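Examining the three-dimensional arrangement
Chain residues, written in single-letter form:
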Amino acid sequence: MAHIILRHRDIPELNTLPVYQRNGGFAAFKKAVTGMKPEEVTAVVKNSGLRGRGGAGFPTGMKWGFMDNNNWPHYVVANADESEPGTFKDREIMEGNPFQFLEGVAIASYAVGANAAYVYLRGEFWQVAAFLDQKIEEMEQAGFLGDKLFGTDYSLRIYTHLGAGAYICGEETALLESIEGKRGQPRLRPPFPPSFGLYGKPTVVNNVETLTNVPLILENDADWYKSLGTADSAGVKVFSLSGRVKKPGNYELPFGTTFRELIYTHGGGIIDDRPVKGIMAAGASSSIIVADEKALDTPMDYASVRTLGGDLGSASVIVLDDTIGIDWVVNKTIHFFKHESCGKCTPCREGNYWMQHLTERIHSGQGDASDVELLNSVARQMQGKCLCALGEFATMAVVTGIERFPEDFSVKTRV
Amino acid sequence: MSLAEKYPQEIQKIFAKYPPEQKRSAVMPLLYLAQREEGFITKGAMEEIAGMLGIKVTEVAEIVGFYTLYHDEKAGKYRMQVCTDLPCALRGADKFIEELCGNLGVKVGETTEDGLVTVEAVMCLAACDKAPMLQTQGSDGINYHENMTVDKTLELIEALKKSVA
Ligand SMILES: Cc1cc2nc3c(=O)[nH]c(=O)nc-3n(C[C@H](O)[C@H](O)[C@H](O)COP(=O)(O)O)c2cc1C
Ligand code: SF4
Ligand code: FES
């Protein structure tokens with residue numbers, strides 16, 4: 001099937017304006033601005049079943065519909081922070097298919113009445129930001145951005161903003177704080193961004209991949225999109241496949257594709273043809289799924305992955321084989337979360353500190369059974385008590401790792 | 001020379017991105033500008049930025065402290081930041097950084113004797129399918145180097161050495 005998001009893999013030089021235009025580029029944006037009411041655009045996106053690709057899977061059209069129309073101006077912010085370990089899709093989209101992404105930003109902006117949109121990129125994407133700046137300038141010159149677009153009264157400008165190395169800035173309210181020139185620490189929610197966002201104004205925050213879906217949905221209509229994927233999860237998803245597979249990379253597949261097809265057909269199977277042991281479907285924030293036959297045959301959509309005691313999240317599938325100790329995995333993930341905890345709330349700050357101390361002891365073979373017990377209890381005590389989801393994420397691999405792979409924790413510990 | 005004297009056009013462009021009453025939003029891009037020359041941000045630059053934005057120097061320093069890509073200390077000309085996060089480590093990143101350090105005669109966090117390269121271990125850089133990988137952060141910005149070997153990295157260091165000589 002032809003790609004919908006990674007369309008640059010089918011069409012050479014799609015990241016140049018003439019080629020993008022020759023392939024239907026900006027027709028959807030023009031159609032929206034010149035022929036549709038903003039709420040009609042939102043309705044199409046709502047009917048398509050599109051859900052957010054940044055991790056939470058929230059229905060996109062519904063989010064746009066939440067914008068407070070008694071408070072102006074409105075903003076759209078594209079989340080290009082892409083910092084979840086195992087996620088590397090947004091970067092490929094922005095480099096390969098930048099105009100489709102920017103057109104998605106533009107259509108979203110029109111739908112919610114925003115005249116300014118920001119693309120927030122992680123600081124390491126310095127070159128991607130410079131590249132997008134250039135593409136934005138080309139769009140301005142061609143009349144797709146700026147004042148009075150297509151002869152209407154609608155104006156739009158898109159700006160890039162670079163972060164500077166902080167995973168927490170991917171959390172939408174921390175991201176907004178960061179654009180405001182503050183430390184990137186999450187806000188207490190509610191209120192949610194559609195009522196209180198950037199500069200206190202109604203704001204839609206969407207992931208890069210989410211927005212990149214929008215132009216083709218508008219062009220081909222909602223039913224076309226809904227016919228792809230599953231009833232629970234419409235459309236296609238870019239799966240970032242990493243870890244112990246022969247061919248890691250991004251694979252755009254319909255929701256509902258099985259883990260087995262992703263890992264064996266697309267990923268070429270496991271390095272040295274070893275047995276697969278565990279799957280982390282949502283990056284380092286994941287539960288660790290036991291990769292038995294049943295799991296491998298499970299379709300990858302939000303609802304089905306949940307039946308395995310996991311989460312699809314941003315679909316960053318990290319594959320573990322039988323050479324990998326889960327105690328080592330957990331030590332790695334906790335090292336990450338300890339480093340990235342923003343320190344605003346005590347359970348997350350202190351919890352990660354203690355978990356790191358314990359995972360290191362256990363992994364180095366100096367721990368005993370009571371350390372494993374204590375680690376498990378620290379993680380469980382954090383759950384439900386943190387200000388943002390990072391605190392929760394940190395506990396996932398720990399709790400599920402100890403529960404589902406107990407032998408990896410008893411080998412290393414002495415009684 | 002002050003930032004305002006050195007980069008008048010860049011500064012104007014930065015301020016144009018944000019609503020006029022939201023000047024503070026410019027702090028991050030201004031800090032990148034300040035870091036361009038020396039690879040770290042001086043006290044003087046922080047004072048100047050605070051002045052431009054009408055905020056306290058401590059507020060600027062707080063931003064520098066919070067974000068890992070801002071530095072307030074001098075390091076090697078290039079920071080060589082190797083990703084050792086879980087997905088890369090599953091593809092040999094830990095062994096890679098150990099061998100690289102062995103070859104350079106430094107430990108992680110240390111700078112080579114000639115002051116050219118500081119080796120650091122960092123978190124995921126969104127290139128997990130191309131491990132081992134690293135980024136170099138220098139006055140010319142950040143560059144990705146993917147599917148690396150120790151030999152290729154040593155060649156890269158040689159090239160960097162020539163470029164600053
Ligand atoms: C700790 C943390 C990190 C996150 N990182 C990202 C990220 O890098 N990119 C992203 O799009 N969403 C990230 N999110 C999710 C955002 O908060 C938000 O839900 C998302 O950008 C909404 O867009 P969507 O509805 O299109 O998915 C993160 C959330 C948390 C709690
Ligand atoms: S849970 Fe962690 S990352 Fe989130 S606000 Fe609290 S300290 Fe910060
Ligand atoms: S884990 Fe190294 S780039 Fe993602």
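Residues numbered from 1 in each chain as written. Chains lettered and ligands numbered in written order. Predicted model: local features only at pLDDT ≥ 70, side-chain atom pairs only at ≥ 80, totals over all residues.

**Focus on the overall build of chain B**
Applicable threshold: Secondary structure elements follow DSSP: runs of H or I of four or more residues count as helices, runs of E of two or more count as strands, with numbering from the N terminus. Here a residue counts as buried when 20 or more other C-beta atoms fall within 10 Å of its C-beta, as exposed when 12 or fewer do, and as partly exposed in between; the C-beta atoms come from the backbone. Contact definition: two residues whose C-beta atoms, as placed from backbone geometry, lie within 7 Å.
Each helix and strand in chain B was counted, giving eight helices and four strands. Its helices and strands taken in sequence order, chain B reads α-α-α-α-α-β-α-α-β-β-β-α from the N to the C terminus. Projected onto its principal axes, the C-alpha coordinates of chain B cover approximately 50 × 35 × 25 Å. A total of 165 residues make up chain B; the buried ones form 39% of that total. Considering only contacts within chain B whose residues lie at least 6 apart along the sequence, 58% involve residues at least 24 apart.

**As for the sheet that holds strand β6 (residues 249–254) of chain A**
Within a sheet, each strand pairs with its neighbour through backbone hydrogen bonds, oriented either parallel or antiparallel. Residues and elements named next belong to chain A. Counted only if it meets this: Any two strands are treated as partners once DSSP identifies two or more bridges connecting them.
Read across the sheet, five strands follow the order β6-β5-β9-β7-β8 without closing on themselves; strand pairing throughout is mixed. Of all strands in the sheet, those bounded by a partner on one side alone are β6 and β8 (289–290). The pairing of strand β7 (residues 276–280) with strand β9 (residues 316–321) spans four bridges and is antiparallel. Looking at the pairing, G278 lines up with L320 of β9.

**Here we look at the site of ligand 1**
All names here are of chain A. For clarity, the threshold we go by: We count a residue as near a molecule or strand when its backbone-placed C-beta atom lies within 6 Å of that partner. Boundary definitions for the domains trace back to an automatic or database domain assignment.
Every one of the 22 residues lining ligand 1 counts as a neighbour, but G52, G54, G170, N207 and T210 are closest to it. Of all the elements in the fold, those that place two or more residues in the shell around ligand 1 are β4 (203–207) and α17 (389–404). For the shell around ligand 1, the element with the most residues is β4, which contributes three residues. Looking at which domains feed residues into the shell around ligand 1, each of domain 1 (7–226) and domain 3 (326–410) gives three or more.

**A short note on the site of ligand 2**
Residues and elements named next belong to chain A. Formally: Under this grouping Gly is polar, as are all residues other than the nonpolar Ala, Val, Leu, Ile, Met, Phe, Trp, Tyr, Cys and Pro and the charged Asp, Glu, Lys and Arg.
Residues in close proximity to ligand 2 total 14 residues, the closest being C342, C345, C348, C388 and G391. Elements supplying a minimum of two residues to the shell around ligand 2: α15 (346–363) and α17. By residue class, the composition of the shell around ligand 2 is nine nonpolar, three polar and two charged.

**Structural notes on the domain arrangement of chain B**
Splitting chain B by domain gives domain 1 (3–66) and domain 2 (78–164). Distance from the C-alpha centre of domain 1 of chain B to the C-alpha centre of domain 2 of chain B: 29 Å.

**Some words on the interface of chain B and chain A**
Contacts between the two partners involve 32 residues from chain B and, on the opposite side, 36 residues from chain A. Elements with a contribution of two residues or more to the side of chain B that touches chain A: α3 (27–35), α5 (57–66), α6 (86–89) and β4 (141–145) of chain B. Among the elements that take part in the side of chain B that touches chain A, α3(B) stands out by supplying four residues, more than any other. By residue class, the composition of the side of chain B that touches chain A is 22 nonpolar, five polar and five charged.

**Details of the sheet that holds β4(B)**
Residues and elements named next belong to chain B. So the rule is basically this: Every axis corresponds to a line fitted to the C-alpha atoms, with the helix fit spanning only the stretch in contact, and the corresponding angles, defined between N-to-C directions, vary from 0 to 180 degrees.
Taken in spatial order, the four strands of this open sheet run β2-β1-β3-β4, and their pairing is mixed. Edge positions in the open sheet fall to β2 (117–122) and β4, since each of these has one partner strand only. Strand-to-strand twist in this sheet, taken as the mean axis angle between neighbours without regard to direction, amounts to 25°. As defined by bridge partners, strand β1 (residues 78–83) adjoins strand β3 (residues 134–138) across four bridges and the pair is classed as antiparallel. Along β3, the bridge assignment pairs Q81 with Q135.

**Details of the pairing of β2(B)**
Residue and element names in this part refer to chain B. Judged by how many residues are buried, β2 sits mostly within the fold: five of six residues are covered. Bridge count for β1 against β2 is six bridges, and the pairing is parallel. Looking across to β2, one finds that C83 is bridged to V122.

**What about helix α11 (residues 259–266) of chain A?**
All names here are of chain A. What counts, and what does not: Picture the helix axis, draw a direction to every C-beta atom, and the arc is the one those directions span.
For α11, every residue scored as buried is listed here: F259, L262 and I263. Viewed end-on, α11 has its buried residues packed into an arc of 85°, placing them on one side of the element. Contacts from the buried residues of α11 go to β5 (236–243), β6, β7, α12 (293–296) and β9. Immediately beyond the C-terminal end of α11, within one or two residues, lies G268, with a positive phi of roughly 75°.

**Description of α5(B)**
Residue pairs spaced three or four apart in an α-helix point in one direction, given the helix's 3.6 residues per turn. Considered for burial, the residues of α5(B) that qualify are B:V60, B:I63, B:V64 and B:F66. Next to the buried residues of α5(B) lie α3 and α4 (43–53) of chain B.

**Quick word on the packing of α15(A) against helix α16 (residues 369–382) of chain A**
Residues and elements named next belong to chain A. The condition is simple: For classification purposes, an angle smaller than 35 degrees is called roughly parallel, one larger than 145 roughly antiparallel, one from 65 to 115 roughly perpendicular, and anything else oblique. We call a crossing left-handed when the near helix sits turned anticlockwise from the far one by less than a right angle, and right-handed when that turn is clockwise.
Running from amino to carboxyl end, α15 crosses α16 at an angle of 160°, the nearest separation of the two axes being 9 Å. The angle between the axes of α15 and α16 places the two elements in the roughly antiparallel class. The handedness of the crossing between α15 and α16 is left-handed. Across the interface between the two elements, P347, C348, G351, W354, M355, L358, T359, R361 and I362 of α15 pack against D371, V372, L374, L375, V378, A379 and M382 of α16.

**Some details on unusual backbone geometry**
Of note, the amide linkage connecting A:R189 to A:P190 takes the cis form, showing an omega dihedral of -10°. Following the sequence through the fold, A:P190 ends up in the loop between α8 (172–179) and β4. Of note, the amide linkage connecting A:P190 to A:P191 takes the cis form, showing an omega dihedral of 5°. Position of A:P191 relative to the elements: it lies in the loop between α8 and β4. Of note in this structure, A:F26 is not a glycine but carries a positive phi near 70°. Mapped onto the elements of the fold, A:F26 is located in the loop between α1 (17–22) and α2 (27–35). Phi angles above zero are rare outside glycine, and B:N147 is one such case at about 50°. Its place among the elements puts B:N147 in the loop between β4 and α8 (150–164). Judged by the 12 C-beta atoms lying within 10 Å of it, B:N147 is exposed.

**Digging into the packing of α4(B) against α5(B)**
Residues and elements named next belong to chain B. At a minimum axis distance of 8 Å, the contact between α4 and α5 shows a crossing angle of 115°. You can see that α4 and α5 cross each other, and the crossing is right-handed. Together, M46, E47, I49 and A50 of α4 and V57, E59, V60, A61 and V64 of α5 make up the contact between the two elements.

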